[in-house]
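If you want the building blocks of each chain, they are given just below.
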Amino acid sequence: FFCSALERNMALSRFAAVVSSRGLAATRALSTSSSASAPRDLTNVVVCGSGLMGSGIVQVVAASGRATTMVDINEDVLGKAFDRIRKSLDRVAKKQDNPATYVDETMANITTSTDPAAASANADLVIEAIPEQLSWKHDLFKQIDTAAPEDTILVSNTSSIKIADIAEPVKHREPNFGGLHFFNPVPVMKLVEVVRLDGTSQETFDALFQFVKNIGKVPIGCKDTPGFVVNRLLVPYLMEAARLAERGDASVEDIDLAMKLGAGHPMGPFELLDYVGLDTTHFVSQHWSSKYPDVELFQPVQSIGEKVEAGDLGMKTGKGYYDYSKK
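Note that the coordinates shown come from a computational prediction; the quantities given were computed from them, not determined experimentally.

## Considerations on the overall build of the protein chain
Along the protein chain, the regular secondary structure elements total 13 helices and eight strands. Restricting to contacts in the protein chain with at least 6 residues of sequence separation, those with at least 24 account for 68%. In the form shown here, the protein chain has an accessible surface area of approximately 16,600 Å², with 56% of it arising from carbon and sulfur atoms.

## Observations regarding helix 3 (residues 75–92)
If you check helix 3, its first and last C-alpha atoms are 26 Å apart, about what 18 residues at 1.5 Å a residue would give, namely 26 Å. What helix 3 keeps buried is the set L78, A81, I85, S88 and L89. Angular distribution of buried residues about the axis of helix 3 spans 100 degrees; they occupy a single face of the element. Along helix 3, exposed side chains directed more than 90 degrees from the buried face belong to K80, K87 and R91. Measuring from the backbone nitrogen of D76 back to the side-chain oxygen at the start of helix 3 gives 3.1 Å, which picks out N74 as the cap.

## With respect to the pairing of strand 6 (residues 177–182)
Most of strand 6 sits inside the fold, with six of its six residues counted as buried. The two faces of strand 6 match: F177, G179 and H181 on one face and G178, L180 and F182 on the other face are all buried. The sheet contact formed by strand 5 (residues 153–156) and strand 6 spans three bridges and is parallel. Looking across to strand 6, one finds that L154 is bridged to F177. Taken together, the five bridges between strand 6 and strand 7 (residues 191–196) define a ladder with antiparallel strand orientation. Its bridge partner being in strand 7, L180 is matched across the sheet by V194.

## A few points about the pairing of strand 2 (residues 67–71)
Burial analysis of strand 2 places four of its five residues in the buried class, which makes it a mostly covered element. Examined bridge by bridge, strand 1 (residues 44–48) and strand 2 share five bridges and lie parallel to one another. From the neighbouring strand, C48 faces strand 2, where its bridge partner is V71. Of the crossover connections in this fold, the one passing from strand 1 over helix 2 (residues 52–63) to the parallel strand 2 is right-handed. In the sheet, strand 2 pairs with strand 3 (residues 110–113) via four bridges, with the strands oriented parallel. By the bridge assignment, T69 is partnered in strand 3 with T111.

## Some points on the pattern of salt bridges
What the rule picks out here adds up to 16 salt bridges. A salt bridge links R86 to D104, with the shortest nitrogen-to-oxygen separation between them at 3.5 Å. In this pair, R86 is assigned in helix 3 and D104 in helix 4 (residues 99–107), connecting sequence segments 18 residues apart. Judged by relative accessible area, R86 falls into the partly exposed class, the value being 32%. For D104, a relative accessible area of 48% gives the class partly exposed. Of the charged contacts in the structure, one is a salt bridge between E150 and R173, with a shortest N-O distance of 3.9 Å.

## Some remarks on the sheet that holds strand 4 (residues 125–128)
Taken together, eight strands build an open sheet; the order of strands is 3-2-1-4-5-6-7-8 and the sheet is mixed. Edge positions in the sheet fall to strand 3 and strand 8 (218–223), since each of these pairs with one other strand and no more. With direction set aside, neighbouring strand axes in the sheet form an average angle of 25 degrees. As paired elements, strand 4 and strand 5 share four bridges and run parallel to each other.

## With respect to the nonpolar core
One finds I57, L125, I127, L180, L208 and F211 to be the most contacted residues of the largest nonpolar core, which totals 35 residues. The element that contributes the greatest number of residues to this core is helix 8 (residues 202–214), accounting for six residues. Setting aside chain neighbours within four positions, we find L208 in contact with L42, L125, I153, V155, L180 and V194. Counting 22 residues, the second largest nonpolar core, distinct from the first, contains V71, L140, C222 and F228.

## Observations concerning the packing of helix 2 against helix 3
At their nearest, the axes of helix 2 and helix 3 sit 10 Å apart, and the two run at 55 degrees to each other. Between helix 2 and helix 3, the crossing angle belongs to the class labelled oblique. Crossing of helix 2 over helix 3 shows right-handed handedness. Touching L52, S55, V58 and Q59 of helix 2 are A81, R84, I85, S88 and L89, all from helix 3. A breakdown of the residues in the contact of helix 2 with helix 3 according to their chemical character gives five nonpolar, three polar and one charged.

Each value, and the rule that gives it
- Once a new chain begins, its residue numbering starts again from 1 and follows that chain's sequence as written.
- Since the coordinates come from a predicted model, pLDDT governs what is reported: local features require at least 70, and pairs of side-chain atoms require 80 or more to be given and counted, while whole-chain, interface and lining totals use all residues.
- Derived side-chain values reflect all non-hydrogen atoms in the structure, with water molecules and hydrogen atoms excluded from consideration.
- For helices the rule is a DSSP run of H or I covering at least 4 residues; for strands it is a run of E covering at least 2, with both sets numbered from the N terminus onward.
- The contact criterion used is simple: two residues touch if any of their non-hydrogen atoms lie within 4.5 Å.
- Computed with the Shrake-Rupley method and a 1.4 Å probe, the accessible areas treat only the protein chains shown as cover for residues.
- By this rule the span expected of a helix is its residue count minus one, scaled by 1.5 Å.
- Exposure classes here rest on a 1.4 Å probe applied to the protein chains alone. A residue is buried below 20% of its type maximum, exposed above 50%, and partly exposed in between.
- Our arc is simply the arc of the directions from the helix axis toward the C-beta atoms.
- Each polar contact in these results corresponds to two N or O atoms within 3.5 Å; when the atoms are within protein, one needs to be able to donate a hydrogen and the other to accept it, and residues that are neighboring in sequence are counted only if both atoms are side-chain atoms.
- Note on pairing: DSSP must find at least two bridges between two strands before they are called paired.
- When the strands point away from the viewer and the path from the first strand over the helix to the second turns clockwise, the crossover is right-handed.
- One speaks of a salt bridge when a side-chain nitrogen belonging to Lys or Arg is within 4 Å of a carboxyl oxygen belonging to Asp or Glu.
- Here an axis means a line fitted to C-alpha atoms, over the contact stretch when the element is a helix, while the angle between two N-to-C directions is reported on a 0 to 180 degree scale.
- Side-chain atoms within 4.5 Å link the members of a nonpolar core, which is a set of buried Ala, Val, Leu, Ile, Met, Phe, Trp, Tyr and Cys residues.
- Convention used here: angles under 35 degrees read as roughly parallel, angles over 145 as roughly antiparallel, angles from 65 to 115 as roughly perpendicular, and any remaining angle as oblique.
- With the far helix as reference, a near helix turned anticlockwise by less than a right angle produces a left-handed crossing, and one turned clockwise produces a right-handed crossing.
- All amino acids are sorted into three groups, where Ala, Val, Leu, Ile, Met, Phe, Trp, Tyr, Cys and Pro are nonpolar, Asp, Glu, Lys and Arg are charged, and the leftover types, Gly among them, are polar.

In structure tokens form, the structure reads like this:
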């Protein structure tokens, strides 16, 4: 960190050359397909939940040419999500090979339903993308279990709850259960974390890994640990930044500036907290601390909790660590 940028880049290049031949196979062991046969193609997809994450997932799956059913609680909610997807497609259509027909062709792949069981009756893959309430997820998968074929793959898009806990009511389906963690905004962010339980079959993992590639995203494999990879690193970093400001060690503005100019981050931690939503980070820390009370990094931060109680959740409410009402 104290050498010049040129020296650091040269050192990194030498390091990469040394490990590339030996380390690549080992580091990809978790995330690459090991089946002798080609992974199963998942062409009939159901997405339960039509919020920002759910509708984003629907958009990218439908754009890949797959039959996609979007499920939510009523037609009004689904209609708003349908309009949101069309507007999003309109913005990216000009970058496509077929801009004149891209939007209509993608929208034609999307159907809607208010019945998760009926929608899952012929599904190859069901993706749950509803709010982070464990009881709601349990109820949903119980409904899906009544109608989905035995070989239907079930996944959650949760960012904070253990996949094993979500799968508990349908434990008999564990070989075909896993996680697909997309990132917001889904149409833009390339990464998807493919999460496997102890009981997830290799065939299921391979099919999910290939599915992510087929819809134009980049998969990485990981085990069912708190926060998977990205959030396991990101959430403690955000909370530690808040603790730093709480102690008066540096101001919110200076901490953000430090991480942008000193670490090359595109956003400072408080800008990111406001963008993600303080309630989201607070919920994650509460859930993790209840499951792992002895892990200090997982403990909720007082200042974040106070802002959540006051309704200052970040950009979506116009105020968080920064005031967006005048912007």
